[in-house]
Amino acid sequence: SAPRLRDADVFLLQEVTTSASHTSAIEDAARSPGYFTHFQSAAPGVYDQGLAVVSRYPVDDVEVKRLKACDLRFRERFRFAVSATIRTPWGDVRVWNAHLDTRINVTERLEQLQPVIDAASRHTGPRLIAGDFNTNELYWLGSVVPLPGGPSHGAAIRKAMKRHGFEMPLPGTLNTFPAFHRHLDWIFVRELKSLAASVEPVPFSDHNAIWARVGL
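Keep in mind that this is a model prediction, so the values were computed, not measured. (Residues numbered from 1 in each chain as written. Predicted model: local features only at pLDDT ≥ 70, side-chain atom pairs only at ≥ 80, totals over all residues. Heavy atoms only, no water.)

Caption draft 1: Molecular detail of the pairing of strand β8 (residues 138-141). A one-sided burial pattern is seen for β8, the buried positions being Leu-138 and Trp-140 and the unburied ones Tyr-139 and Leu-141. Pairing analysis gives four bridges linking β8 to strand β9 (residues 145-148), with the strands arranged antiparallel. Directly across from Leu-141, in β9, lies its bridge partner Val-145. Hairpin geometry of β8 and β9 is characterised by an intervening segment of three residues between the two adjacent antiparallel strands and by a positive phi of about 65° at Gly-142. (Buried < 20%, exposed > 50% of the residue type's maximum accessible area, 1.4 Å probe, protein only. Helix = DSSP H or I, 4+ residues; strand = E, 2+ residues; numbered from the N terminus. Pairing = 2+ DSSP bridges.)

Caption draft 2: View of the pairing of strand β3 (residues 50-55). Within β3, six of the six residues are buried, which leaves the element mostly enclosed by the surrounding structure. Neither face of β3 is left uncovered, since the one carrying Gly-50, Ala-52 and Val-54 and the one carrying Leu-51, Val-53 and Ser-55 both have all their residues buried. Sheet topology places strand β1 (residues 10-16) next to β3; five bridges connect them, and they run antiparallel. Each bridged residue has a counterpart across the sheet, and for Phe-11 the counterpart in β3 is Val-54. Sheet topology note: the strand β2 (residues 36-40)/β3 ladder contains five bridges and is antiparallel. Among the inter-strand pairings, His-38 is bridged to a residue of β3, identified as Val-53.

Caption draft 3: View of the packing of helix α3 (residues 106-122) against helix α4 (residues 153-163). Closest axis-to-axis distance for the α3/α4 pair is 10 Å, and the angle between their directions is 30°. Crossing of α3 against α4: the hand is right-handed. Contact residues: α3 offers Val-106, Arg-109, Leu-110, Leu-113 and Ile-117, while α4 offers His-153, Ala-156, Ile-157, Ala-160 and Met-161. Looking at the contact of α3 with α4 residue by residue, the classes come out as eight nonpolar, one polar and one charged. (Axes fitted to C-alpha atoms, helices over the stretch in contact; angles between N-to-C directions. Left-handed = near helix turned anticlockwise from the far one by under 90°. Contact = heavy atoms within 4.5 Å. Nonpolar A, V, L, I, M, F, W, Y, C, P; charged D, E, K, R; others polar.)

Caption draft 4: Expanded view of the pattern of salt bridges. Inspection of the entire model under this criterion finds twelve salt bridges. In this structure, the salt-bridge partner of Asp-28 is Arg-31, at a minimum N-O distance of 3.3 Å. Here Arg-31 and Asp-28 lie together in helix α2 (residues 25-31), a separation of three residues that amounts to about one turn. The closest approach of N and O atoms between Glu-191 and Arg-127, which form a salt bridge, is 2.7 Å. With Glu-191 in the loop between β10 (185-190) and β11 (193-200) and Arg-127 in strand β7 (residues 127-132), this residue pair connects regions lying 64 residues apart in the sequence. Classification of Glu-191 by relative accessible area gives partly exposed; the value is 48%. Salt bridges sharing common partners tie together Asp-60, Asp-61, Arg-87 and Asp-92. (Salt bridge = Lys/Arg side-chain N within 4 Å of Asp/Glu carboxyl O.)

Caption draft 5: Region of interest: a nonpolar patch on the surface. A contiguous nonpolar patch, built from Phe-74, Tyr-139, Leu-141, Val-144, Val-145 and Leu-147 and spanning about 500 Å² of accessible area, is present on the exposed surface. When contributions to the nonpolar patch are tallied by element, the ones reaching two or more residues are β8 and β9. Mapped onto the elements, Val-145 comes out in strand β9. (Patch = residues over 30% accessible without salt bridge, like charges linked within 9 Å, V, L, I, M, F, W, Y side chains within 5 Å. Areas by Shrake-Rupley, 256 points an atom, 1.4 Å probe, with all protein chains shown as cover.)

Below, the structure is given as structure tokens:
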């Protein structure tokens, strides 16, 4: 029901649910149109924190990387990233899908994302890093109390990405989380030509989807 998304070649999804039988909701949805999928649960017995790569083209060389565990006091999650090679007819594209913690400050957010940046920097060829990075402009006191006026997490991540050759195809600051008008979700590319990018509301999520059209 989202026109600019229905024909996408690759989807990177976070908070994908699964059942005790280990069949994820996205695998069920992708089976009928014939998409390739890789689903990774966060941990045994955790059914709502999965990451998924869904592609029109074969998904190969999948790697899972655990990210820094932060002490959030309550509602902690298993943070990790999934990387995979998409075998397109025009050449391979390496993608990383990550989901970062919410109640952490800039330094911890960069530390949590750094293994993804490092891994992507070691690869060659077209690369894409995306996901829900939960960026905000707050300072979290003890990972519990949010104080306004903190440094911009988004600006810090963009700076770190640019230092490693990754550019953001999205134009400026976007509203990817309508409830609080925040820019939480990101796409960064290297050795890919950015053609267009924006956000699209989707009925199954409290986030807007971010999308980018890129050329090899």
